[in-house]
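Observations on the three-dimensional arrangement
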Amino acid sequence: MRTVYLAFTAALAILFLAGCQGQADGTQLKLAHNQTLDHPVHLSLVEFGRLVEEKSDKKIKVKIYANGQLGSEREVLELTQSGAVDIAKASASALEGFEPDYSIFSLPYTFEDYEEFEKKMNDKSVTDHLYYQTEEIGFIGLTYYNAGTRHLYTKDREVQDVTDMRGLKTRVQPSQTSVNMIEAFGGLPTPMAYGEVYTALQSGVIDAAENNETSLVGNRHGEVAKYYMYTGHQIVPDMLVMNAKRFNQFTDEEKKIIQEAAAESTLYHEDVWTKTIEEMTQTAKNEMGVEFIEVDKTSFMEAVQPLHEEYRKDERTKDIYQLIKGADGNE
């Protein structure tokens, strides 16, 4: 508890100093995220900041704190709730702990493919529901960023269907939905911080993990995981959220500037992300010796149908499920 308190105090001190500077230079928004400076999401957030400044004639500026400087995703979301941080980027899975609707992205095979996902995320009825569902607890959504399609990768075992998942110790995000997914596949879910995955794979604490292709190169997981199966089980976006009170302090014109900049940065991100995935896949294949394997998804999809039934009936999730999948749950 003392460590958390000291970290929180240090973060507030940084924010106070930054805030003082912001007051001298005009309106400055503090944005926190946990990615590196060369990650596609950071590049897109830089573009977001550039667009905000340009559209506002430099009246509004965005100060970015990258690399988890201000804490984990949950911690920066809590800071955004309180207003100590203005804007945060966090995975939709991290938002599950604040709003059950965001768990829909962790539900395996919610979307048939990325094209269907993109179609839904460009449907205003879906995004308005999601973005403003959290307003009463302190923040709203601004936009989303492609964080890729999640696939399974293993240290030394090829997986073709769920029978190959038996006993496979698999790292998952701290998401109950993801835990339930691996259990449904027949594996042994192991919630774990992302930064611990490399060592855990290397030492045999886990046999597998699941993520997009950037993890193989950006975090060097391809050095210890040699099989990458295209299971395509989840599409979990990164979300950009903003303190609701701070957002509502702006004029309608300024709100429009922030929202337009966010939407345009998402379009920018699509190009950056696509190129990054292509480059990292080739690097993992040619320089790290990772084998990429196409699999039949049928057994995986069948295994998680009970989870879909639960979502369809659960009072907390049935509305967002019907909104995305259609009134009868089968679009």
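Below is a summary of the structure that appears in this document. (Residues numbered from 1 in each chain as written. Predicted model: local features only at pLDDT ≥ 70, side-chain atom pairs only at ≥ 80, totals over all residues. Heavy atoms only, no water.)

A few words now on the overall build of the protein. Each helix and strand counted, the protein has 14 helices and eleven strands in total. Taking 20 Å as the expected radius of gyration for a compact globule of 331 residues, we find that the protein reaches 20 Å, a close match to that expectation. For the protein, the spread of C-alpha atoms along the three principal axes comes to 60 × 45 × 40 Å. Relative to its full complement of 331 residues, the protein shows a buried share of 53%. In the protein, the share of contacts with a sequence separation of at least 24, taken over all contacts with a separation of at least 6, comes to 74%. Accessible area for the protein stands at about 15,200 Å²; split by element, carbon and sulfur atoms hold 49% of it. One finds the centroid of the 33 positive side-chain charges in the protein at a distance of 5 Å from the centroid of its 54 negative side-chain charges. (Helix = DSSP H or I, 4+ residues; strand = E, 2+ residues; numbered from the N terminus. Rg over C-alpha atoms; globule rule 2.2 N^0.38 Å. Buried < 20%, exposed > 50% of the residue type's maximum accessible area, 1.4 Å probe, protein only. Contact = heavy atoms within 4.5 Å. Areas by Shrake-Rupley, 256 points an atom, 1.4 Å probe, with all protein chains shown as cover. Lys, Arg positive; Asp, Glu negative; His and termini not counted. Charge placed at Lys NZ, Arg CZ, Asp CG, Glu CD.)

Quick look at the packing of helix α6 (residues 124-133) against helix α14 (residues 318-325) now. Following both chains from N to C, one finds α6 and α14 inclined at 160°, their axes separated by 10 Å at the closest point. It follows from the interaxial angle that α6 and α14 lie roughly antiparallel. α14 is crossed by α6, and the crossing has left-handed handedness. Counted together, S125, V126, H129 and L130 of α6 and I320, L323 and I324 of α14 form the full contact between these two elements. Tallied by class, the residues present in the contact of α6 with α14 amount to five nonpolar, two polar and no charged. (Axes fitted to C-alpha atoms, helices over the stretch in contact; angles between N-to-C directions. Parallel < 35°, antiparallel > 145°, perpendicular 65-115°, else oblique. Left-handed = near helix turned anticlockwise from the far one by under 90°. Nonpolar A, V, L, I, M, F, W, Y, C, P; charged D, E, K, R; others polar.)

Membership of the largest hydrophobic core comes to 53 residues, with the highest contact counts inside it found for F105, F185 and M239. Looking at this core, the element that brings in the most residues is helix α7 (residues 176-185), giving four residues. Not counting residues within four places of it along the chain, the set of residues in contact with F185 comprises Y109, V162, M165, H233, F300, A303 and V304. One finds L45, L51, I140 and L142 within the second-largest nonpolar core, a separate group that totals 22 residues. (Core = buried A, V, L, I, M, F, W, Y, C linked by side-chain atoms within 4.5 Å.)

Moving on to the pattern of salt bridges. One pass over the structure, following the stated rule, counts 16 salt bridges. Among the salt bridges present, the one from R50 reaches E47, with a minimum N-O distance of 2.9 Å. Remark: E47 and R50 occur in helix α2 (residues 40-55); sequence separation between them is three residues, near one turn of the helix. Judged by relative accessible area, which is 15%, E47 ranks as buried. Put simply, D314 and R316 hold a salt bridge, and the shortest N to O gap is 2.8 Å. On the basis of relative accessibility, which here comes to 24%, the residue D314 falls in the partly exposed class. R316 gets classed as exposed once you look at its relative accessible area, which sits at 58%. (Salt bridge = Lys/Arg side-chain N within 4 Å of Asp/Glu carboxyl O.)

Quick look at the packing of aromatic side chains now. Using the criterion set out here, one finds twelve aromatic pairs in the structure. Centroid distance F98 to F139: 5.9 Å. Interplanar angle 75°. Geometry classified as edge-to-face. One end of the pair, F98, is in the loop between α4 (92-95) and α5 (114-121); the other, F139, is in strand β4 (residues 139-145), and 41 residues separate them in sequence. Each member of the pair, F98 as well as F139, is classed as buried. With centroids separated by 6.4 Å and ring planes inclined at 35°, the aromatic side chains of Y102 and F105 adopt a geometry described as tilted. Across this residue pair, the class does not change: Y102 and F105 are buried. (Phe/Tyr/Trp six-rings, centres within 6.5 Å; stacked < 30°, edge-to-face > 60°.)

Strands sit in the order β2-β1-β3-β10-β4 across an open sheet of five strands; the sheet is mixed. The sheet terminates laterally at β2 (60-65) and β4, the two strands that pair on one side only. Sheet twist, expressed as the mean angle between neighbouring strand axes with direction ignored, is 25°. Direction of pairing for β4 relative to strand β10 (residues 238-243): antiparallel, over a ladder of six bridges. Pairing of I140 across the sheet is with M242, part of β10. Across the sheet, α2 touches β1 (27-32), β2, β3 (87-91), β4 and β10, and the angle it forms with β2 is around 160°. (Pairing = 2+ DSSP bridges.)

With a phi close to 60°, Y109 is a non-glycine residue in the positive phi region. Following the sequence through the fold, Y109 ends up in the loop between α4 and α5. According to the relative accessible area criterion, Y109 is buried, its value standing at 8%. Look at R220: it is not a glycine, yet its phi comes out positive at around 65°. By the secondary structure assignment, R220 is in the loop between α9 (214-218) and β9 (227-235).

Further remarks concern the pairing of β10. Most of β10 is tucked away, with six of its six residues classed as buried. Summarising the sheet, β3 and β10 pair through five bridges and their orientation is antiparallel. Across the sheet, residue I87 finds its bridge partner in β10, namely M242.

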